[in-house]
Amino acid sequence: KNEVEQSPQNLTAQEGEFITINCSYSVGISALHWLQQHPGGGIVSLFMLSSGKKKHGRLIATINIQEKHSSLHITASHPRDSAVYICAVPGRTGGGADGLTFGKGTHLIIQP
Amino acid sequence: EPEVTQTPSHQVTQMGQEVILRCVPISNHLYFYWYRQILGQKVEFLVSFYNNEISEKSEIFDDQFSVERPDGSNFTLKIRSTKLEDSAMYFCASSVFLRVQAQDTQYFGPGTRLTVL
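Keep in mind that this is a model prediction, so the values were computed, not measured.

(A) Examining the overall build of chain B more closely. A tally of helices and strands in chain B yields zero helices and 11 strands. Listing every helix and strand of chain B by position from the N terminus yields β-β-β-β-β-β-β-β-β-β-β. The C-alpha atoms of chain B give 14 Å as radius of gyration, which agrees with the globular expectation for 117 residues (13 Å, within 12%). For chain B, the C-alpha atoms occupy an extent of roughly 45 × 30 × 30 Å along the three principal directions. Counting all 117 residues of chain B, 48% fall into the buried class. Carbon and sulfur atoms make up 48% of the accessible area of chain B, which amounts to about 5,900 Å² in all. Chain B carries 10 positive and 14 negative side-chain charges, and their two centres are separated by 3 Å.

(B) Local environment of the overall build of chain A. Helix and strand counts for chain A stand at zero helices and 11 strands. Tracing chain A from N to C terminus, the helices and strands come up as β-β-β-β-β-β-β-β-β-β-β. Taken over the C-alpha trace, chain A has a radius of gyration of 13 Å; the compact-globule value for 112 residues is 13 Å, and the two agree within 12%. Principal-axis analysis of the C-alpha atoms places the extent of chain A at approximately 45 × 30 × 20 Å. Looking at chain A as a whole, 49% of its 112 residues are labelled buried. Partitioning the contacts of chain A with sequence separation of at least 6, the portion at a separation of at least 24 is 55%. Of the roughly 5,100 Å² of accessible surface on chain A, 51% is carried by carbon and sulfur atoms.

(C) Molecular detail of the sheet that holds strand β3 (residues 19-24) of chain B. Residue and element names in this part refer to chain B. Judged by pairing direction, the sheet is antiparallel, and its four strands sit side by side in the order β1-β3-β8-β7 without closing on themselves. If you trace the sheet from one side to the other, it starts and ends with β1 (5-7) and β7 (65-68), each paired once. Direction aside, neighbouring strands of the sheet carry axes that sit 20° apart on average. Relative to β3, β1 runs antiparallel, the two sharing three bridges. Residue Gln6 lies in a different strand from β3, and its bridge partner there is Cys23.

(D) Spatial organisation of the layout of surface pockets. Quantified by volume, the largest pocket comes out at close to 560 Å³. In this structure, the largest pocket is lined by 24 residues; those nearest its centre are Gln37 and Val84 of chain A together with Gln37, Gly40 and Gln41 of chain B. Counting residues per element, the lining of the largest pocket draws most heavily on strand β11 (residues 106-111) of chain A, which supplies four residues. Among the residues making up the lining of the largest pocket, the classes are represented as eight nonpolar, 13 polar and three charged. Here the second largest pocket defines a volume of roughly 390 Å³. Around the second largest pocket, the lining is made up of 20 residues, and of these Lys1 and Thr101 of chain A together with Phe45, Ser58 and Glu59 of chain B lie nearest the centre. At the level of elements, β10 (100-102) of chain A together with β5 (44-50) and β6 (53-57) of chain B are the ones that each hand at least two residues to the lining of the second largest pocket. Among the elements that line the lining of the second largest pocket, the one with the most residues is β10 of chain A, at three residues.

(E) Highlighting the interface of chain A and chain B. Contact with chain A, which involves 22 residues of that partner, is made by 20 residues of chain B. When the two sides are added together, the surface that chain A and chain B hide from each other amounts to roughly 1,800 Å², 57% of it contributed by carbon and sulfur. One can count zero salt bridges joining chain A with chain B. Those elements giving two or more residues to the side of chain A that touches chain B turn out to be β4 (32-37), β5 (43-49) and β10 of chain A. Counted by class, the side of chain A that touches chain B contains eight nonpolar, 10 polar and four charged residues.

(F) Broad picture of the packing of aromatic side chains. With the rule as written, the count across this model stands at 10 aromatic pairs over all chains. Considering the side-chain rings of Phe32 of chain B and Phe75 of chain B, the 5.4 Å spacing of their centres and the 40° angle between planes classify their relative orientation as tilted. With a gap of 43 residues between them, Phe32 of chain B in strand β4 (residues 31-37) and Phe75 of chain B in strand β8 (residues 75-79) connect regions that are remote in the sequence. The same class applies to Phe32 of chain B as to Phe75 of chain B, namely buried. Chaining the aromatic ring pairs together yields one cluster made of Phe102 of chain A together with Tyr33, Tyr35, Phe45 and Phe108 of chain B.

Scoring rules and cut-offs
- Residues numbered from 1 in each chain as written.
- Chains lettered and ligands numbered in written order.
- Predicted model: local features only at pLDDT ≥ 70, side-chain atom pairs only at ≥ 80, totals over all residues.
- Heavy atoms only, no water.
- Helix = DSSP H or I, 4+ residues; strand = E, 2+ residues; numbered from the N terminus.
- Rg over C-alpha atoms; globule rule 2.2 N^0.38 Å.
- Buried < 20%, exposed > 50% of the residue type's maximum accessible area, 1.4 Å probe, protein only.
- Areas by Shrake-Rupley, 256 points an atom, 1.4 Å probe, with all protein chains shown as cover.
- Lys, Arg positive; Asp, Glu negative; His and termini not counted.
- Charge placed at Lys NZ, Arg CZ, Asp CG, Glu CD.
- Contact = heavy atoms within 4.5 Å.
- Pairing = 2+ DSSP bridges.
- Axes fitted to C-alpha atoms, helices over the stretch in contact; angles between N-to-C directions.
- 1 Å grid on protein atoms, 1.4 Å probe; cavity = no way out; pocket = protein on both sides within 12 Å on 5 of 7 lines; lining within 4 Å.
- Points joined across faces, edges and corners; volume = space filled by probe spheres on them.
- Nonpolar A, V, L, I, M, F, W, Y, C, P; charged D, E, K, R; others polar.
- Buried area = accessible area lost by both parts, 1.4 Å probe.
- Salt bridge = Lys/Arg side-chain N within 4 Å of Asp/Glu carboxyl O.
- Phe/Tyr/Trp six-rings, centres within 6.5 Å; stacked < 30°, edge-to-face > 60°.

Put into structure tokens, the structure is as follows:
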């Protein structure tokens, strides 16, 4: 079973700061997911990546498969980025249509 | 943009009662999932469903839980005799999962908040 660790658990930053959230996992996987959960509870998929780097707007996700580590970066952070950011990996075999194993999430607050 | 829908948004029930949570996955998706999140805790996988049968289930998904795709659009989670500890947000998700890919994005519904009294 894959174990997922995220850091930090809580992060408060000022608007405009560069944000980094880290995720490590214990078992090799085919791809890793980054998700965002808003205060209302809804979960939105941000990235799914299996190698290298992906960028979407001000969000950048990187993964190092050998080191079993991924990072999510937010450039020019804004108060609307305030949310819980969650890392998740395939739980059983590491691939395919496995149910996801979630990290505990990083609670991000961006202050104006 | 197509989305996963869930009903009801909030369900309150008495301990020992049966509840059915409903989900309508995205129409061309093949894999369906249920997850739950107890207040203040991380999201946990319950079960996945493909081709009209359970593909995978977690240790949480015991005999009091069942899933069904009763028609071409709905995907349901039944809890047979609810317990206080079943109080949680329940999320449905779906994915296309084309086997030529190693993994696929899962799209989540807005959740059903279940409160067991």
